[in-house]
Amino acid sequence: MPNYVVPRCYISRSLIGLARFFRVASPTCYSILSEHLKNRRIDEAKELFERIPSPNIYLCTKMIAGYAENLRLNEALQLFDKMPVKDTVMWNLMIKGCVDCRNMDMGLKLFEEMTQKNVISYTTMISGFLKSGKVKEAESLFSEMPQRDVAAWNAMIYGYFENGRVEEAVKLFELMPYRNVISWTSVISGLDQYGRSDEALLIFKKMLDFFIEPTSSTFASVITACANARDLGLGSEIHACVVKLGYLYDTYVTASLITLYANCMHMDDSSKVFSERLHINIVVWTSLLTGYGLNYKHKEALKVFGDMIRIGLLPNQSSFTSVLNSSCEMESIDLGKEIHGVAVKLGLNTDAFVGNSLVVLYSKCGNINDGLIAFKEIPEKNIVSWNSIIVGCAQHGFGNWALTLFAQMIRSRADMDDITFTGLLAACSHSGMLEKGRRLFQYIPQSSSIEVTLEHYSCMVDILCRSGKLNEAEDLVKRMHMRPNLSIWLALLSGCKKHLNLELAERAAENVFHLDPNCSAAYVLLSNIYAFSGRWNDVARVRGNMRRRGNTKQPGCSWVNQKGIQHTFLSGDTSHPLSDRIYEKLEWLTEKLKEYGYVPDQRYALHDVEDEQKEVLLSYHSERLAICFALITTHGSAITVMKNLRVCGDCHSAIKLIAKIVDREIIVRDSSRFHHFRDGFCSCSDYW
């Protein structure tokens, strides 16, 4: 290939032309560069920037800001180091970039190297320390400031609240030489955030006394405080004020108003606020969705979620959490799975808040395996994640799973609280793990900062009673360092039913009636214990006392959820449209049960009638009707039945055999726990 020599004059002309291009095109370059940075096209901005021969300080500052905003700190630092001249703006911008990228060490190094620090430099570092939880360092720097403007004071107040230092924030606010509307709004919002909504509203009234004009952010914070304080009167007054001042259509004000009326159980007013204009902001829609859930209008909540999807509005974490909670309350696992699918498509199923809601949904709807899968998909598990899955395993009687998860929780150095141990003790109770329960109960005060609560005592009494240690359970109640509550005495009374200890049952019932003379649960338990013992005169006496006090026994009720519709059954119910087919299936099952050697346990009839009539009463229990309905309307899949009372011993024995006869898993959730019946066995190992 021949060598070509480019004439020097040609090179000179090219360089001159290039220089002319940049001189002429500089405004265009600035405009294009700004547009790239504005739209976060950082690579295109970098390519254009590197073509500029001698960028001025303005362009360099803009580029450094772009790198920092896109978390490309190393490139920002490299450009910063190349700069021969750096003004205060550039220094502050670079320090802010380090703070935003959570590199406080580099930020502090630059701050110390900076020769002409100003109030912005100090405030940026203070905010960074507070965001990192380094309160002492922030306090030290704040005290060193040669002069402080209101922004510096506001940064400290906001940071104190962010780190839970409420008293320090209020004290600093009172010391401020001058307060602007941001100062007042920060304190109102901060107090409300920490459950001191009444104080927040007093601060707002004081703010008005100083003739400080509220902003939309102030109104949003105050209305939220009214919502949390359930102060409908003041909230309505502020609503009227917001309308007059023209803030009604601010997104966060609208969302706060929806929450106010929802919290005060005025859902119609929430809907009116929402309907006043067409909203395209997810915050407003989520407020309405959450409000419906709070008011137990879960079908309406699901409709709002569906409308969001239909208009193309993408739900956020809060939207999913609220709608999953509504699905959970409706016990609709089918709808929950559909919503889970939407979350997966949007990549939000691994978010901790969404993941936690999925764990609770699947656990409460009888599918603990999918609950475990949802738990494992959460990359950054918080204490709610761990508690949700441990409590879920406890409810399903998988005690060993709960303890294994607890061991993983300890290894991951996650925080634990009283709910963690309540779940673990419940798991031991439902799995018959007496010794492990004892060790856990002793572990609480010895190896953690958590105090033993009434709930822990109640669980421990239940563990002892289920294991037949009734005297030890009573002794534990007597030795408690706090006064036993109703649930503890009821746990002891329930244990007496299982082991037919009449003497202790009467003592426990006496203590229950001392705390609550109208406790229907105690009357029913005591009556059942007498019935089991054949003491029908005492049964009549207890039931007579119950009637005289106006108490009635809650009827046994079971239900099955299919495609968002709840099918409910009472004992001997014939109101369902498919009753003929249900009873036909029940008769078939009754014959099959006899073939498998099933003999009804007539003690559970709990009525002083003939044996033949007792068998009929038992065979028409609500859970059996619900199971028969599920058998004729579904095929192959697991059957999930919910019940408001504990499943009786006779039905428990029958359902084990029914699961074997029909070759399907039957899951029954009663008032105490989940039972998984499969192939003639139950997950509770008859320890229920």
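Criteria and thresholds
Residues numbered from 1 in each chain as written. Predicted model: local features only at pLDDT ≥ 70, side-chain atom pairs only at ≥ 80, totals over all residues. Heavy atoms only, no water. Axes fitted to C-alpha atoms, helices over the stretch in contact; angles between N-to-C directions. Helix = DSSP H or I, 4+ residues; strand = E, 2+ residues; numbered from the N terminus. Parallel < 35°, antiparallel > 145°, perpendicular 65-115°, else oblique. Left-handed = near helix turned anticlockwise from the far one by under 90°. Contact = heavy atoms within 4.5 Å. Nonpolar A, V, L, I, M, F, W, Y, C, P; charged D, E, K, R; others polar. Buried < 20%, exposed > 50% of the residue type's maximum accessible area, 1.4 Å probe, protein only. Pairing = 2+ DSSP bridges. Right-handed = clockwise from strand over helix to strand, strands pointing away. UniProt positions renumbered as here; feature names shortened; annotations may be inferred. Patch = residues over 30% accessible without salt bridge, like charges linked within 9 Å, V, L, I, M, F, W, Y side chains within 5 Å. Areas by Shrake-Rupley, 256 points an atom, 1.4 Å probe, with all protein chains shown as cover. Salt bridge = Lys/Arg side-chain N within 4 Å of Asp/Glu carboxyl O. Core = buried A, V, L, I, M, F, W, Y, C linked by side-chain atoms within 4.5 Å. 1 Å grid on protein atoms, 1.4 Å probe; cavity = no way out; pocket = protein on both sides within 12 Å on 5 of 7 lines; lining within 4 Å. Points joined across faces, edges and corners; volume = space filled by probe spheres on them.

J.: What exactly am I supposed to notice about the packing of helix H19 (residues 317-329) against helix H20 (residues 333-345) here?
T.: For any two helices packed against each other, one specifies the crossing angle of their axes together with the interaxial distance. Closest axis-to-axis distance for the H19/H20 pair is 9 Å, and the angle between their directions is 165°. Between H19 and H20, the crossing angle belongs to the class labelled roughly antiparallel. Viewed along their axes, H19 and H20 form a crossing whose handedness is left-handed. Counting all contacts with H19, which are made through Phe320, Val323, Leu324 and Ser327, the residues of H20 involved are Leu335, Gly336, Ile339, Val342 and Ala343. When grouped by side-chain class, the residues that make up the contact of H19 with H20 number seven nonpolar, two polar and no charged.

J.: Is there a simple way to think about the environment of phenylalanine 513 in this case?
T.: Within the secondary structure layout, phenylalanine 513 lies in helix H30 (residues 502-515). Taking the relative accessible area as the measure of exposure, phenylalanine 513 reaches 22% and is therefore partly exposed. Along the chain, phenylalanine 513 and tryptophan 489 lie 24 residues apart, while their C-alpha atoms are 9.9 Å from each other. Apart from residues no more than four positions distant in its own chain, phenylalanine 513 is found in contact with Cys519, Ala522, Tyr523 and Leu526.

J.: Got a minute to help me understand the pairing of strand E3 (residues 639-643) in this structure?
T.: Moving residue by residue along a regular strand, the side chains alternate between the two faces of the sheet. Of all five residues in E3, four are buried, a share of seventy percent or more. Alignment of strand E1 (residues 557-562) against E3, held across two bridges, turns out to be antiparallel. Looking across to E3, one finds that serine 558 is bridged to lysine 643. The β-α-β motif built from E3, the intervening helix H36 (residues 649-662) and the parallel element strand E4 (residues 666-669) has right-handed crossover chirality.

J.: Even after reading the chapter, I still don't get the UniProt feature "repeat: PPR" (unreviewed entry) in the protein, so can you show me in this structure?
T.: The sites that carry the UniProt feature "repeat: PPR" (unreviewed entry) are, in the present numbering, residues 87-117, 118-152, 180-214, 281-315, 382-416 and 453-483. Spanning residues 281-315, this segment combines 74% helix with 0% strand, and its end C-alpha atoms are found 10 Å apart. With 74% helix and 0% strand, the stretch residues 382-416 has end C-alpha atoms that lie 10 Å from each other.

J.: Hey, could you run me through a nonpolar patch on the surface in this one?
T.: Together, Ile57, Tyr58 and Val85 make up a nonpolar patch on the protein surface, roughly 290 Å² of accessible area in all. Following the sequence through the fold, tyrosine 58 ends up in helix H3 (residues 57-69).

J.: It is not clear to me how the nonpolar core should be interpreted in this structure. Could you clarify?
T.: Nonpolar side chains tend to gather and get buried jointly when the protein is soluble and globular. Met94, Ile238, Ile389, Val461 and Leu493 are the most contacted members of the largest nonpolar core, which has 172 residues in total. In contact with valine 461, not counting residues within four places along its chain, are Ala473, Leu476, Val477, Ile488, Ala491 and Leu492.

J.: Can you walk me through the pattern of salt bridges in this structure?
T.: Side chains carrying opposite charge are able to pair once their charged atoms draw close together. For the structure shown, the criterion picks out 20 salt bridges. For the salt bridge of aspartate 307 with lysine 303, the shortest nitrogen-to-oxygen distance reads 3.1 Å. In this pair, aspartate 307 and lysine 303 both sit in helix H18 (residues 298-310), four residues apart, roughly one turn of the helix. Between arginine 466 and aspartate 462 there is a salt bridge, and its shortest N-O distance comes to 2.8 Å. With arginine 466 and aspartate 462 both in helix H27 (residues 454-466), this residue pair falls four residues apart, about one helical turn. Each member of the pair, arginine 466 as well as aspartate 462, carries the same accessibility label: buried.

J.: Just checking my understanding: could you explain empty space enclosed by the protein for this structure?
T.: By rolling a water-sized probe across the atoms, one finds the places where empty space is left. The final tally for this structure, using the stated rule, is one cavity of 30 Å³ or more. The calculated volume of the largest cavity comes to roughly 40 Å³. Every residue along the wall of the largest cavity is listed here: Leu586, Leu589, Thr590, Leu593, Ser619, Arg624 and Ile658. It is helix H33 (residues 579-595) that provides the largest number of residues to the lining of the largest cavity, a total of four residues.

J.: Explain the pairing of E1 here, please?
T.: Most of E1 sits inside the fold, with six of its six residues counted as buried. Burial along E1 is two-sided: Cys557, Trp559 and Asn561 facing one way and Ser558, Val560 and Gln562 facing the other are all buried. Where E1 meets strand E2 (residues 565-570), six bridges bridge the pair, whose relative direction is antiparallel. Pairing of serine 558 across the sheet is with phenylalanine 569, part of E2. Linking E1 to E2, which pair antiparallel, is a turn of two residues; within it lysine 563 sits at a positive phi near 55°.

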